[in-house]
Structure formats: structure tokens, C-alpha cells
Amino acid sequence: MRKQNISGSEALIHCLLAEGVDLIYGYPGGAIMPFYDELYKFQDKLQHVLTRHEQGATHAAQGFARVSGRVGVCVATSGPGATNLVTGIADAMIDSTPMVCITGQVPSHLLGSDAFQETDIIGISNPVTKWNYQITDVNEIPEILAKAFYIARSGRPGPVLVDITKDAQFATLDFDYTPCKGVRSYKPVPEVDPTSIDAAAAVIANAKKPLIVWGQGVILGEAEKEFKAFVETSNIPAAWTILGVSAIPTSHPQNVGMVGMHGNYGPNMLTNECDVLIAIGMRFDDRVTGNLESYAKQAKVIHLEIDPAEIDKNVLADVAVLGDVKQTLPLLTEKVKAKPYKEWFESFAAHDKIEFDSVIKGDLHPTKDGLTMGEVLKEINRASNSDAVIVSDVGQHQMIACRYATFNHSKSNVTSGGLGTMGFALPAALGAKMGAPDREVVAVIGDGGFQMTIQELGTIFQTQAAVKVVVLNNDFLGMVRQWQQLFFDKRYASTEMVNPDFVKIAEGYFLDAKRVTSRDELGKAVDEMMASDKPYFLEVCVEKEDNVFPMIPSGASVSEIRLS
């Protein structure tokens, strides 16, 4: 693509279009105004969504990326506009979400002068970006934008930030765009070592109690088909991290549940009984492993991973299989043979019964008067036939959503995993709906996190994106309150919420809204919400002091998981 004597701002537009971008989220301001002026001329080709806060733009871009598999794009001005992006950028970094953030900057001759709305966003964002760069020369725009998209989406994905001075946006260049195919010294996908495949297959062949734990790497690598083939060919029980869920259906007979702090009893307990642990596209986060000193010490560990930095970082691998799992899994599948593992599967079933009797029965089939968060998820599953995208915020409701939401399709669970960002879900659900307009998208949010980005109801109203927003209201910062109850002698310091009338606020944004306070109302209200072809807000008032179990106390072993 060649164009003569165009502005840097127009060049930015053509770069985005060349990369297949047709939707961006952002908020205008002085230093990015030349770009927005040019964008005005391209409204038929490039949709811009005006979020109500720059953080909302990043989370919307994340939600879009997570369900579409494409790079999310957000734009902000300099100074506070740029710094307001940082939380979402950090969230995208730790959760490996491909995102390109474009920020305006003061004119280059004012850099370093403490000019109005000048902030060193390159220095600030450096620790939480995969790559960042400041453009002061208009001629750099095509090369840097091409490199930004390549780095964001290749290998282990992540966020990239490009900061562009105002004078570079006004200046002109003869534009020529070439997509980036590689960057010197950057090797996003390691070469597969065939001997590592052979070594992994040999370990699996001798296993009597193997366990697969898979993470988001399966989904990011678009390797769901290859993963399913490996699981079924090997006949090994498979457990998931919260970002890995939905890579295979919840109902798959070898899917044994969630690992981690609030995961299922069986996979957590039996992690410390398996003789081979096969980790696929996951990074052994502390919320998964608990105390590393006692994590799976009896097991031989096979780690399939695209990022060499994750190998031996937390858990030492007996066999490391580096590479894209879409390539490595078929190679391994060719070399494994199924065994019955009858007694091993029976161990999971026995633990499942214990958990059902102790926890799940009370969550999903309560006998008390007050509503539980679990039964709300049960109704959403029923009304959506488990086909919805569930976007959860952070807290008790997040763990309940991850535990009880059921999925038939990949890319169906969107949540803030590594950073744990309250306020994530509402804007992320907007982005998810726009990234998958043919799917139902249900945001499940607590009353605390909802109020952190409540203003994005305005964005939902303006776009009319048919997001279904469910606030589980217990009038507490529930997860912190649970810890205070269990570990701080019920000293509920600064966790009780005095909340506004959420329904009136939603109606103030011209959204259909309803409040549910009793079990008799719940099913009908969820049906009404799911039947709507418009945005819908549903507040469900749940038990104030319900806790989420099972639970691994902080610093404890996975086998010290508590059922009450």
C-alpha cells in the first residue's frame, strides 16, 4: 500500500486498516486529537467506541481479543489518558492478551519539559508491555505499527504500546506499508526438539496415575482440536486453570475440573498423588500450586510451553517440550497409547462425591431461604444451554462463575486471571459482545467491582451492544470478607458496602433492568434477560455471608484444601 504526502495521523489509520482492524476503543484528548480528526474521515471503515474511561477501553479491547482471537486496539491521549491505560495493559500482560495501545504525546520539542499532560508513558509501561516504543519521526510510523502488531500477536501474545508525539501526527510522509514477518533477535516460537517429544512419551508410557493440567496456552494457540485428540488418545484425566476452561467442553468425560485455590477437590488433592503431571500451556501460578515446597513432589513433570521463561520458573520440569502446542501436541499424540486407568478415574469420582455432598449440593440446591451465587450460575447455564460467553469480574462471584459455569465452546470464559482486576468485567463484556456478536455474552459481577467501572453502562447504552449484566449483590467486598471471617476473627474492616439503587442507575442509562430477591423470581427473570435482544441489567440479591469452598488457604499445600 503506497500513498504520497499524507499526514502521520492518516498513516496511522492506514496501518490499522492494513492489519485488518475495523474496531477500536478509546478516549480523545489534546495530544491524540490529530488522529481523531483523521479518524472522523474513516468512520465507514474503522469503528471507534467511546468508552467512559480509558481503563474501560483497555478492558474492552481485552474482551474483544479474548473471544475473537484478534488483536484488540485502544487509543488514549497523553498524561492521565495514557496512565489510565496501565491497569488494563498490566492485566493483558499477565494474561497474555494480544493488544496494541496507541497513545498521543506532547510535541517532541517539549519532551522532558514537564509540559501540560506530559508523562513518560514509555518508562511507566515498560514493565507491563511485551514491547513499547515512542515515535517522534513521522517516517517511523509504518514500520513501528507493523512491528507492534507482529509482536502483540506472535508467540506468547501480549500488549504493545506505541506513543506518538503530536508533531509526528501532523507531519507528512510518503506512506508505504509492509506487514512485519519477523524481528531480529526475537524468536516467538521455539523450534521443537524431537528428543523432548520422545522423552515425554516415554514418561507417559510408564505412568500409572497421570494427570493433565491445561491452561490458556491451548486456547491462545488455537490448539483445541489437537488438545482434544491428545486427551482422548491418551485417556488421561485432565484438569484446567481458570483461563484454560472451555478448551474442551465441560461435559467431556475426561474433564475432571478446576485446579487452584477454589478449584475442585479431586484434581487438587490428586495433584499430590499423580505420578506424572503433564502441564500444557500453563505457568504454574501460585494460585494453582499453593505451597511450592509440597506441590506434586512425587510426580515427574512434563511441561509443554511456548515461552522458555516459564520453564523451571516455579516448578522444575523433568521433561520440557518447548514450542507451539498446536505443533507439539500432535507429535506427542502420535507416540502415546491409551490405558484404562480405571482405579485412577475412580479416585476422581470418589473425591467428586465428597465435594458434591459437602459443597456443591448446598451451592446449587440450597435449602436456606437466601439465594446463593451458585444457583444463579445454574440458571444462566440452563437458560443459555451452556452456549454463552461468561465474563466475570474478580472476587467470590468470579470463583463461583469459574466453578459452576458450563461451556460447550472454546473462548467462552473471559476473566482477569493473573492480575485480578476489579472493574474488568463490565467493559470486557462489551468488547466480548462486539468481538462475537452472534453469541450471548453474560457479565457476572460483584457489587464492588461493578462500581469501579459502572460508567461503562453508558458505553453499552450508546453502542446498544446486547450485553447481559448480572450483578450478584451481597453488600460486601465478598472475597476479602471471607478471608476476614476465616483468618482475621471476623473483623470486617472496610468491606461492608452501602450500595446505591443499581436498578435505578441502570434505568438512568435507559437499560432494561430488574432486581431479584427471592428464589421464586430467579428463573423467570433469567429467562426474560436471555430472551431480550437488547442490553439488560439484572441485580440478584444473594446471601451476605456465603463463602466459596473448597479453598486452599494462602501458603498451604494443594492437599490441605478445605471443604468448609
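Look up a bit, the structure's there.
This one's a predicted model, so the numbers in the text were calculated from it and none came from an experiment. (Residues numbered from 1 in each chain as written. Predicted model: local features only at pLDDT ≥ 70, side-chain atom pairs only at ≥ 80, totals over all residues. Heavy atoms only, no water.)

(A) A look at the overall build of the protein. From N to C terminus, the protein includes 23 helices and 20 strands. Relative to the 2.2 N^0.38 estimate, which gives 24 Å for 564 residues, the radius of gyration of the protein is 24 Å and therefore close to what a compact globule would have. The C-alpha extent of the protein, read off along each of the three principal axes, is 70 × 60 × 40 Å. Look at the contacts in the protein between residues 6 or more apart in sequence, and 76% of them connect residues 24 or more apart. Accessible surface for the protein amounts to roughly 22,000 Å². Of this, 51% is attributable to carbon and sulfur atoms. The positive charge centre, built from 50 side chains, and the negative charge centre, built from 69, are 4 Å apart in the protein. (Helix = DSSP H or I, 4+ residues; strand = E, 2+ residues; numbered from the N terminus. Rg over C-alpha atoms; globule rule 2.2 N^0.38 Å. Contact = heavy atoms within 4.5 Å. Areas by Shrake-Rupley, 256 points an atom, 1.4 Å probe, with all protein chains shown as cover. Lys, Arg positive; Asp, Glu negative; His and termini not counted. Charge placed at Lys NZ, Arg CZ, Asp CG, Glu CD.)

(B) Up close: the environment of Val259. For Val259, the location among the structural elements is in the loop between strand E11 (255-258) and helix H12 (265-271). In sequence terms Val259 and Ala531 are 272 residues apart; their C-alpha atoms lie 34 Å from each other. Excluding residues that lie within four positions of it along the chain, Val259 makes contacts with Val213, Ala239, Trp240, Thr241, Pro267, Asn268 and Val288.

(C) Representation of unusual backbone geometry. Here Phe549 and Pro550 are connected by a cis peptide whose omega angle stands at 0°. For Lys490, which is not a glycine, the phi torsion comes out positive at approximately 60°. Within the secondary structure, Lys490 is located in the loop between helix H21 (478-487) and helix H22 (502-508). At Ser494, a residue that is not glycine, the phi angle is positive and equals roughly 60°.

(D) Structural detail: the environment of Ser532. Positionally, Ser532 belongs in the loop between helix H23 (519-531) and strand E20 (536-541). Ser532 gets classed as buried once you look at its relative accessible area, which sits at 15%. The spacing of Ser532 and Asp512 is 20 residues in sequence and 9.2 Å in space, taken between C-alpha atoms. (Buried < 20%, exposed > 50% of the residue type's maximum accessible area, 1.4 Å probe, protein only.)

(E) Just the pattern of salt bridges, in detail. Enumeration over the complete set of coordinates arrives at 26 salt bridges. Among the ionic pairs, Glu355 bridges to Arg403, the shortest N-O distance being 2.7 Å. Of this pair, Glu355 sits in helix H15 (residues 342-364) while Arg403 sits in helix H17 (residues 396-404); the two residues are 48 residues apart in sequence, bridging distant segments of the chain. Given the relative accessible area of 1%, Glu355 is considered buried. The closest approach of N and O atoms between Arg515 and Asp501, which form a salt bridge, is 2.7 Å. Here Asp501 lies in the loop between H21 and H22 and Arg515 lies in strand E19 (residues 512-516), a separation of 14 residues in the sequence. Arg515 sits in the partly exposed class, given a relative accessible area of 33%. The exposure class assigned to Asp501 is partly exposed, which follows from its relative accessible area of 29%. It is possible to trace a salt-bridge network through shared partners that takes in Arg156, Asp307, Glu310 and Lys313. (Salt bridge = Lys/Arg side-chain N within 4 Å of Asp/Glu carboxyl O.)

(F) Main features of the packing of helix H3 (residues 54-68) against helix H5 (residues 86-94). Interhelical geometry of H3 versus H5 gives an angle of 25° and a closest axis separation of 7 Å. As summarised for this structure, H3 and H5 are arranged roughly parallel, according to the angle between their axes. Taken together, the residues of H5 that come into contact with H3 (itself represented by Gln55, Thr58, His59 and Gln62) are Thr87, Gly88, Asp91 and Ala92. (Axes fitted to C-alpha atoms, helices over the stretch in contact; angles between N-to-C directions. Parallel < 35°, antiparallel > 145°, perpendicular 65-115°, else oblique.)

(G) Main features of the sheet that holds strand E6 (residues 131-135). Here six strands make up an open sheet; going across it, the order is E3-E2-E4-E5-E7-E6 and the pairing parallel. In this open sheet, the two edge strands, each paired with only one partner strand, are strand E3 (47-50) and E6. Each strand of the sheet is rotated relative to its neighbour by a mean of 20°, with strand direction disregarded. Bridge count for strand E5 (residues 99-105) against strand E7 (residues 159-165) is seven bridges, and the pairing is parallel. Bridge assignment links Thr103 to a residue of E7, and that residue is Asp163. Lying on the sheet, helix H7 (residues 141-153) is in contact with strand E4 (72-76), E5, E6 and E7; it crosses E6 at an angle near 165°. (Pairing = 2+ DSSP bridges.)

By themselves, these are just geometric observations and shouldn't be taken as functional.
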